[in-house]
Amino acid sequence: MSTPTDTLPRTDTAVAVADLTVRFSSKRGEVTALHDIGLHVRRGEFVSIVGPSGCGKSTLLKVVAGLTDPSGGSVELGGVPVRGAQRNIGYVFQRSALLEWRTVRKNILLQAEMRGLNKRAAEAECARLIEMTGLGGFENALPHELSGGMQQRVSLCRALLHEPEVLLMDEPFGALDALTRERMNIELHRIWRETGTTVLLVTHSVAEAVYLANRVVVMSPRPGRIVELLDVDLPAHREYATTMEQPEFISVANRVRELLGAAAHAD
Ligand SMILES: Nc1ncnc2c1ncn2[C@@H]1O[C@H](COP(=O)(O)OP(=O)(O)OP(=O)(O)O)[C@@H](O)[C@H]1O
Ligand SMILES: [Mg+2]
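Residues numbered from 1 in each chain as written. Chains lettered and ligands numbered in written order. Predicted model: local features only at pLDDT ≥ 70, side-chain atom pairs only at ≥ 80, totals over all residues. Heavy atoms only, no water.

Peer 1: Teacher, can you tell me more about the sheet that holds strand 10 (residues 226–231) here?
Peer 2: What holds strands together in a sheet is hydrogen bonding between their backbones, with the strands either parallel or antiparallel. Reading across the sheet, the six strands line up as 6-7-8-3-9-10 and stay open at both edges, with mixed pairing between neighbours. The open sheet has two edge strands, strand 6 (89–92) and strand 10, and neither has a second partner. Ignoring which end each strand starts from, the neighbouring axes of this sheet average 15° apart. Relative to strand 9 (residues 215–219), strand 3 (residues 46–50) runs parallel, the two being bridged by four bridges. Considered in strand 9, the bridge of Ile49 is made with Val217. (Pairing = 2+ DSSP bridges. Helix = DSSP H or I, 4+ residues; strand = E, 2+ residues; numbered from the N terminus. Axes fitted to C-alpha atoms, helices over the stretch in contact; angles between N-to-C directions.)

Peer 1: Sorry, what's going on with the site of ligand 1 here?
Peer 2: Ligand 1 sits among 14 residues. The nearest are Ser53, Gly54, Lys57, Ser58 and Thr59. Contact distances for ligand 1 include 2.9 Å between an oxygen atom and a backbone N or O atom of Gly56. Thr59 is positioned with one of its side-chain polar atoms (N or O) 2.5 Å from an oxygen atom of ligand 1. In the complex, the protein chains occlude 64% of the 640 Å² of accessible area that ligand 1 would expose alone. Mapped onto the shell around ligand 1, the elements with two or more residues apiece are strand 2 (29–42) and helix 1 (57–65). The leading source of residues in the shell around ligand 1 is helix 1, at three residues. Split into classes, the residues belonging to the shell around ligand 1 amount to five nonpolar, six polar and three charged. (Near = heavy atom within 4 Å. Polar contact = N/O pair within 3.5 Å; in protein donor to acceptor, adjacent residues only side chain to side chain. Areas by Shrake-Rupley, 256 points an atom, 1.4 Å probe, with all protein chains shown as cover. Nonpolar A, V, L, I, M, F, W, Y, C, P; charged D, E, K, R; others polar.)

So yeah, pure geometry; function would need other evidence.
Set out below in structure tokens:
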């Protein structure tokens with residue numbers, strides 16, 4: 001287990017958040033969503049973020065993406081300060097944000113159109129991702145013809161199309177049934193190993209958080225602070241069922257639950 005704020009050599013760091021505070025002002029007054037967050041994520045690392053509802057998890061991802069401005073502190077992507085919407089990231093939202101009138105292929109290629117990427121290369125990458133995520137045969141299907149899990153896979157393909165350095169995922173599997181979610185976890189883990197992308201995943205599932213991550217960030221109720229950063233000392237290759245039985249998995253998951261339980265009491 002490491003301490004709530006850690007440091008790494010700059011070159012190894014994909015995401016560096018220091019002393020981050022975010023406040024929102026509204027008619028009802030001021031809300032401090034995040035308070036004094038410090039987090040360094042290594043290149044290629046998979047970090048899960050858990051915490052009570054309203055503790056600022058989505059806000060943290062939005063700040064990293066450059067969609068929300070910090071009120072204090074700093075955020076860097078690959079050593080470069082984040083100013084405005086970032087291009088070298090992929091974002092998977094809680095609800096699959098697919099365009100209903102576009103096919104699977106066209107939804108994925110939207111990413112290339114918006115970024116003005118080379119069409120031939122994007123099409124080849126799109127075909128590769130479709131194959132990798134098991135969507136082969138559904139290239140020309142419309143979103144309403146897909147299951148929830150398949151729609152999320154399309155969102156994942158779209159987020160990966162431009163080979164982002166950092167993939168931000170905000171409760172991507174929250175709306176799925178337990179079995180589909182399990183399958184998506186296994187698939188995401190494989191994709192992460194194959195692509196080497198840095199991932200920040202927000203989830204309410206402790207099992208999902210621990211199974212997928214190198215480290216788990218546990219946050220307090222609002223104003224969100226990092227209560228603990230837990231290392232998950234399991235091999236990179238993780239077979240789903242047997243991983244859940246590992247003493248390391250059980251001990252980290254129990255600690256996360258304990259911290260979330262304490263947070264719920266404080267809420
Ligand atoms: N644009 C905004 N304007 C005003 N307040 C906001 C805004 N975005 C978020 N907040 C407030 O900031 C706090 C944190 O919100 P956030 O969406 O980050 O929480 P969360 O941890 O993602 O919650 P959940 O688990 O329910 O998704 C909440 O109190 C929310 O009301
Ligand atoms: Mg949220």
